Amino acid sequence: MKQTKFLGILTVCLFTFCVNSISAKKTNIVFLFADDAGYHDFGFQGSKTFESPNLDKLAKEGMVFKQAYTTAAVCGPSRAGLLTGRYQQRFGIEENNVPGYMSHSSKLLADEMGLPLDEKTIADYLGPLGYKSIILGKWHLGNADKYHPIARGFDEFYGFRGGARSFFPLTQKLAFDRKEDRWERGYANFEEPDRYTTDAIGDEACDFIERHKNKPFFVYASFNAVHTPLEALPEDLAKVKGLSGKRKKLAAMNIAMDRACGKIMDKLRELGLEENTLIVFSNDNGGPDGSMTCNYPLSGCKSNHLEGGIRVPMVMKFPNVIKAGSTYDYPVSMLDMLPTFVNAAGGNADAITNIDGVDLMPYVTKQNKARPHEVLFWKKENRGVVRQGDWKLLRYPDRPAELYNLAKDVTESNNLAYKHPEKVKELFKVLWEWEGELERPLWQLKRVYEVNAMERMDVKRTPVLD
């Protein structure tokens, strides 16, 4: 009788220990980041022509954000804002760092252009909390060794330092033309993948998860898909029906990226890590004009500040915390990833005094029913944007400012600047006060590219459904 009672008590104690151990286990974090994807080009975003079954499943199991914003309309600056949780203009980044295309009056040129060394990244904050971190794919925050991901808080790197490259292995000659295009494992171990790079990213992410399944980890899968060059596998092209040309290639590239995301999610499930992993999927900026992306119902595209240039798809899944099949309607920003991840990891984002993002968890769980951001800003050279509530003001170098109420006019087709001059004046002042806090740009593109960006905005004014 005493032995039976003892065994019963022991069983209860062991069960309690297991429950406490599970609840005390730190949250794993997986961030899936697309490159130049169209706002509409996913099934969960309404596309009927692009296949994305794995990301659609993620959307059904998590929360879809209806007004998620990147911090810039181009790749490099948006990544700087994402990884630091700070408006990148605060430390002098407004433009892409593309050697050979920059104004010679820039303070920094060539490989010296990069994320300032005194800026801390998500990985810098997660490391002291016991996390192992990896970035896979595109870096685009500096080609010089001092800017290398391994020197910026990440434990592992499998990708390339630049902003775009082939999705197939480079020949030896091409691989030595531009170091930033070469595929790299860790630091300075250059080796080209033996397969399509999107698949390689998915496979390597799974390998990292397998190796660190007993420790907390941060996976930053920074896909270069579906950025140019438009290169797809023949077997993926064969799956695309009813499309042709660039649009067909883009759809095939999307299939590969979705497949890689699916591999990563399947690996989490296989290892029993799904319930304890926060997964976020998003995109670095709006879909560009040249590669035939679809940003419907938004006007504009990559490189301009209409909604199609800065509003991006976003899904967040956290089992037993975020309600499956739900949506979030208030504006959020990629600035919010750092504090959200730090707090999910058991840190204290409130102790980081210089960031602009907020922890999204209290908002998405409805503990806090206010807007995460009353005001959001964008800036590139003379162009500036402020969104306050549902009002959005766009300031241009070549025409009068425009004013839109996004709650009533998401396509930005009804300019209210002349009907509400006082609101224009008010928002001009809000924007200017913010700009007064910023650093001068460390580098800038040649002026012709800013002219081209304005012309492109005019071309992409009318939303087109494809």
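Each value, and the rule that gives it
- Residues numbered from 1 in each chain as written.
- Predicted model: local features only at pLDDT ≥ 70, side-chain atom pairs only at ≥ 80, totals over all residues.
- Heavy atoms only, no water.
- Pairing = 2+ DSSP bridges.
- Helix = DSSP H or I, 4+ residues; strand = E, 2+ residues; numbered from the N terminus.
- Axes fitted to C-alpha atoms, helices over the stretch in contact; angles between N-to-C directions.
- Contact = heavy atoms within 4.5 Å.
- Core = buried A, V, L, I, M, F, W, Y, C linked by side-chain atoms within 4.5 Å.
- Buried < 20%, exposed > 50% of the residue type's maximum accessible area, 1.4 Å probe, protein only.
- Polar contact = N/O pair within 3.5 Å; in protein donor to acceptor, adjacent residues only side chain to side chain.
- Phe/Tyr/Trp six-rings, centres within 6.5 Å; stacked < 30°, edge-to-face > 60°.
- 1 Å grid on protein atoms, 1.4 Å probe; cavity = no way out; pocket = protein on both sides within 12 Å on 5 of 7 lines; lining within 4 Å.
- Points joined across faces, edges and corners; volume = space filled by probe spheres on them.
- Nonpolar A, V, L, I, M, F, W, Y, C, P; charged D, E, K, R; others polar.
- Expected span 1.5 Å × (residues − 1).
- pLDDT = per-residue confidence, 0-100.

**Side note on the sheet that holds strand β3 (residues 68–69)**
Paired through backbone hydrogen bonds, the strands of a sheet run either parallel or antiparallel to each other.
Phase 1: Pairing within the open sheet is mixed, and its three strands lie in the order β10-β3-β13. Across the chains shown, the open sheet's two edge strands, defined by having one partner strand only, are β10 (311–312) and β13 (332–333).
Phase 2: Looking at chain direction, β3 and β10 are connected through two bridges and run antiparallel. Its bridge partner being in β10, Tyr69 is matched across the sheet by Arg311.

**What about the sheet that holds strand β17 (residues 402–405)?**
Phase 1: Taken in spatial order, the four strands make up an open sheet running β14-β15-β16-β17, and their pairing is antiparallel. Each having just a single partner strand, β14 (375–380) and β17 make up the two edges of the open sheet. On average, adjacent strands in this sheet sit at an angle of 10° to one another, irrespective of strand direction.
Phase 2: Relative to strand β16 (residues 391–395), strand β15 (residues 383–388) is paired through five bridges, and the arrangement is antiparallel. Bridged to Val385 within β16 is Leu394.
Phase 3: The sheet strands contacting helix α12 (residues 421–435) are β14, β15, β16 and β17, and the helix crosses β15 at an angle near 110°.

**Topic: the nonpolar core**
Across soluble globular proteins, nonpolar side chains show a tendency to be buried alongside one another.
Phase 1: Phe31, Phe65, Met314, Met316 and Met337 are the most contacted members of the largest nonpolar core, which has 55 residues in total.
Phase 2: Of all elements in the fold, only β1 (28–34), β2 (63–65), α3 (75–84), α4 (122–126), β8 (217–222), β9 (277–283), α10 (337–344) and α11 (361–364) reach the threshold of two or more residues within this core.
Phase 3: If we skip the residues at most four places from it in the chain, Phe31 touches Leu82, Phe218, Val219, Tyr220, Ala221, Val280, Ser282, Met334, Met337 and Phe341.
Phase 4: Counting residues in each nonpolar core, the second largest holds 51 residues, with Phe50, Val219, Leu250 and Met265 among its members.

**Observations concerning the side chain of Ser47**
Phase 1: Tracing the sequence through the fold places Ser47 in the loop between β1 and α2 (53–61).
Phase 2: The exposure class assigned to Ser47 is buried, which follows from its relative accessible area of 8%.
Phase 3: Side-chain polar atoms of Ser47 contact the backbone nitrogen of Phe50, separated by 3.0 Å.
Phase 4: If we ignore the near neighbours within four places in the chain, the residues touching Ser47 are His40, Asp41 and Phe42.

**Some remarks on the packing of aromatic side chains**
Phase 1: Counted according to the given criterion, the structure contains 24 aromatic pairs.
Phase 2: Aromatic side chains Phe42 and Phe281 sit 5.4 Å apart centroid to centroid with 75° between the ring planes, which places their arrangement in the edge-to-face category. Pair noted here: Phe42 is in the loop between β1 and α2 and Phe281 is in strand β9, with a separation of 239 residues, a long-range link. No difference in accessibility class separates Phe42 from Phe281, as the two residues are buried.
Phase 3: Feature note: the residues Phe31, Phe33, Trp139, Phe154, Phe218, Tyr220 and Phe341 constitute an aromatic cluster, connected by ring pairs.

**Some thoughts on the side chain of Glu307**
Phase 1: On the secondary structure map, Glu307 appears in helix α9 (residues 307–310).
Phase 2: In this structure the side chain of Glu307 is engaged in a polar contact, spanning 2.8 Å, whose partner is the side chain of Arg311.
Phase 3: Polar side-chain contacts of Glu307 include one of 2.8 Å to the side chain of Lys392.
Phase 4: Not counting chain neighbours up to four residues away, the residues in contact with Glu307 comprise Tyr69, Leu298, Ser299, Lys392, Leu406, Val410 and Glu412.

**Points about the layout of surface pockets**
Phase 1: The space that makes up the largest pocket amounts to roughly 840 Å³.
Phase 2: Lining the largest pocket are 31 residues, with Asn96, Val98, His227, Lys302 and Leu445 positioned closest to its centre.
Phase 3: Ranked by residue count, the leading element in the lining of the largest pocket is helix α13 (residues 447–459), at five residues.
Phase 4: Each residue belonging to the lining of the largest pocket can be placed in one class, and the counts come to ten nonpolar, twelve polar and nine charged.
Phase 5: Together, 13 residues line the second largest pocket, and Glu94, Lys379, Trp432, Glu435 and Arg440 are the ones closest to its centre.
Phase 6: Of the residues that constitute the lining of the second largest pocket, the class distribution is three nonpolar, three polar and seven charged.

**Remarks on α10**
For an α-helix, 3.6 residues make a turn, and residues three or four places apart therefore share a direction.
Phase 1: Of all eight residues that make up α10, seven are buried, and the element is covered over most of its length.
Phase 2: When we look at burial in α10, the residues that qualify are Met337, Leu338, Pro339, Thr340, Phe341, Val342 and Ala344.

**Focus: the pairing of β16**
In the case of a regular strand, side chains alternate between the two sheet surfaces.
Phase 1: For β16, the tally of buried residues reaches five of five residues, placing the bulk of the element in the interior.
Phase 2: Residues Trp391, Leu393 and Arg395 point to one face of β16 and Lys392 and Leu394 to the other, with burial holding for every one of them.
Phase 3: As paired strands, β16 and β17 are joined by four bridges and run antiparallel to one another. Looking at the pairing, Leu393 lines up with Leu403 of β17.
Phase 4: Counted between consecutive antiparallel strands, the loop separating β16 from β17 contains six residues.

**A word on the environment of Leu109**
Phase 1: Position of Leu109 among the secondary structure elements: in the loop between α3 and α4.
Phase 2: Note: C-alpha distance between Leu109 and Gly159 (50 residues apart in sequence) is 23 Å.
Phase 3: Sequence-distant contacts of Leu109, defined by excluding residues within four places in its chain, comprise Met102, Ser103 and His104.

**So, helix α6 (residues 197–211)**
Phase 1: For α6, which comprises 15 residues, the first-to-last C-alpha distance of 21 Å matches the rise-based estimate of 21 Å (1.5 Å per residue) to within 8%.
Phase 2: Burial runs high along α6: eleven of the 15 residues are buried.
Phase 3: Three or more residues of α6 are buried, namely Thr197, Thr198, Asp199, Ala200, Ile201, Gly202, Glu204, Ala205, Cys206, Phe208 and Ile209.
Phase 4: Summarising the contacts, the buried residues of α6 are in contact with β4 (132–138), β5 (156–160), β6 (184–185), β8 and α8 (245–270).

**What to know about empty space enclosed by the protein**
Phase 1: Enumeration over the complete set of coordinates arrives at three cavities of 30 Å³ or more.
Phase 2: Forming the boundary of the largest cavity are Ala72, Ala73, Val74, Pro77, Gln88, Gln89, Glu94, Ser303, His305, Lys379 and Lys380.

**Here we look at the confidence of the model for the protein**
Phase 1: Confidence in the prediction of the protein, expressed as mean pLDDT, is 94, and 94% of residues score 70 or more.
Phase 2: Ranking the elements of the protein by mean pLDDT puts helix α1 (residues 2–24) last with 42 and β8 first with 99.
Phase 3: Low pLDDT, under 50, characterises residues 4–23; the predicted model gives this stretch zero contacts beyond four residues in sequence or across chains.

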